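Survey of secondary and tertiary structure
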Amino acid sequence: MAHEIMEDDAMFSVREVPWHGLGEILTDYPTIAGAITASGLSWDVSVEKMTVPMFFAGQQQVIEVPDDFAVIREDTHKVVGVVGNRYEPYQNSEMWGFIENFQNQSGIKLETAGSLKNGRTTWVLAKNGIMEAIHGDPIEEFFLFRNSFDGSSPISVMFTNIRVVCNNTLTAAIRGARNIYNVRHTASAADQIKEVQKALGLRAKYQSKVNLSMEALVKYKMDATRSINFLEEVIFPEPKRIVQTVDKGEIVHTFEEATQRAQTTRTNNVNNVLELLEGGAGADIKGVKGTAYGMFNALTEWADHEKSVRVMNGRNEAELRFENAFFGTGAKFKSACFTELMKVAA
């Protein structure tokens, strides 16, 4: 399949090649049926007992692995996860049914969908609305549906926002408002609608607080000195390691030191974010530069697009950046940055 992420992965995106450069491009928002086909998420899984071949007295025997089960894709017959005996899969077909109920209740538009790690994780990103913290700088509101078949996470609905001018994924942890809802596994259509309504209610509360927080970031001014101090003291503090001097088996001296490599990395990170503050995507929009809002977007752009990633195990950089932006270390970093900025801006 064209634009594969890994061998057995696929995805689609509407109208434009997304910043991660992956996926089949559709000319318009698809129906549920069209999204299932374009994303490749038409398969379900089976849960099978795990066995291992063993040899006893020159004869091969099959031994069951206690309490371990293999989750197998029914289209490729490949293992996508190993789980315990209490695991119950939330099938892709069930996820699409839930999303269809969600669409009927909210009018969401399916923007992109696909899988990662050969199907271990499946996801759907759906657009819901738009807001502006600054005139001429639109931020689109999204629901991110996520499911896993390796037991790492339950099916969930995450609330996220994406800045249009640069595709920055603005991850924000808001006190008193959850940005994720774990969906209860239910076969009842009535219960599914209740789950949809709960998620929509949480999103409305979360987005209201996000909007107020963005307004606070816009109002808080950060000149060059304040920006440098914030980056050096809060976001990228001086790296240190504990070094101990031992004499005759006893610790006689303990001190902290930073390696040259760590110091260089810190300096580069600070300088890269400062460059994005001045010339990053959307920095020239009136009202952005010199504010905590501009700082948050510079940090987000650095985390999503500039921060180096280690490519391993046959995966590619685009896939890793996408995963980190929404689910991984990048999402955690951006949320922490938002929290620190709100401490000074609120």
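Structure shown above.
Everything in this summary refers to the structure shown in the same document. (Residues numbered from 1 in each chain as written. Predicted model: local features only at pLDDT ≥ 70, side-chain atom pairs only at ≥ 80, totals over all residues. Heavy atoms only, no water.)

Here we take up unusual backbone geometry. One non-glycine residue with positive phi stands out, namely His77, at about 60°. Structurally, His77 can be placed in the loop between strand E4 (59–73) and strand E5 (79–83). Residues other than glycine seldom take positive phi values, yet Asn118 does so here, at roughly 60°. In this fold, Asn118 is placed in the loop between strand E6 (109–116) and strand E7 (121–132). (Helix = DSSP H or I, 4+ residues; strand = E, 2+ residues; numbered from the N terminus.)

If you trace the three strands from one edge of the open sheet to the other, you get E3-E4-E5, paired in antiparallel fashion. Two strands close off the open sheet at either side, each with one partner strand: strand E3 (45–56) and E5. For this sheet, the mean angle separating the axes of adjacent strands, direction not counted, is 50°. (Pairing = 2+ DSSP bridges. Axes fitted to C-alpha atoms, helices over the stretch in contact; angles between N-to-C directions.)

Relative to the elements of secondary structure, Phe322 occurs in helix H7 (residues 317–326). Expressed as a C-alpha distance, the spacing of Phe322 and Ile174, which sit 148 residues apart in the sequence, is 23 Å.

Moving on, we come to the environment of Arg226. Within the element layout of this structure, Arg226 appears in helix H4 (residues 224–235). Distance in space between the C-alpha atoms of Arg226 and Met50 is 58 Å, their sequence separation being 176 residues. Those residues within four positions of Arg226 in sequence are excluded, and the remaining contacts are Tyr220 and Lys221. (Contact = heavy atoms within 4.5 Å.)

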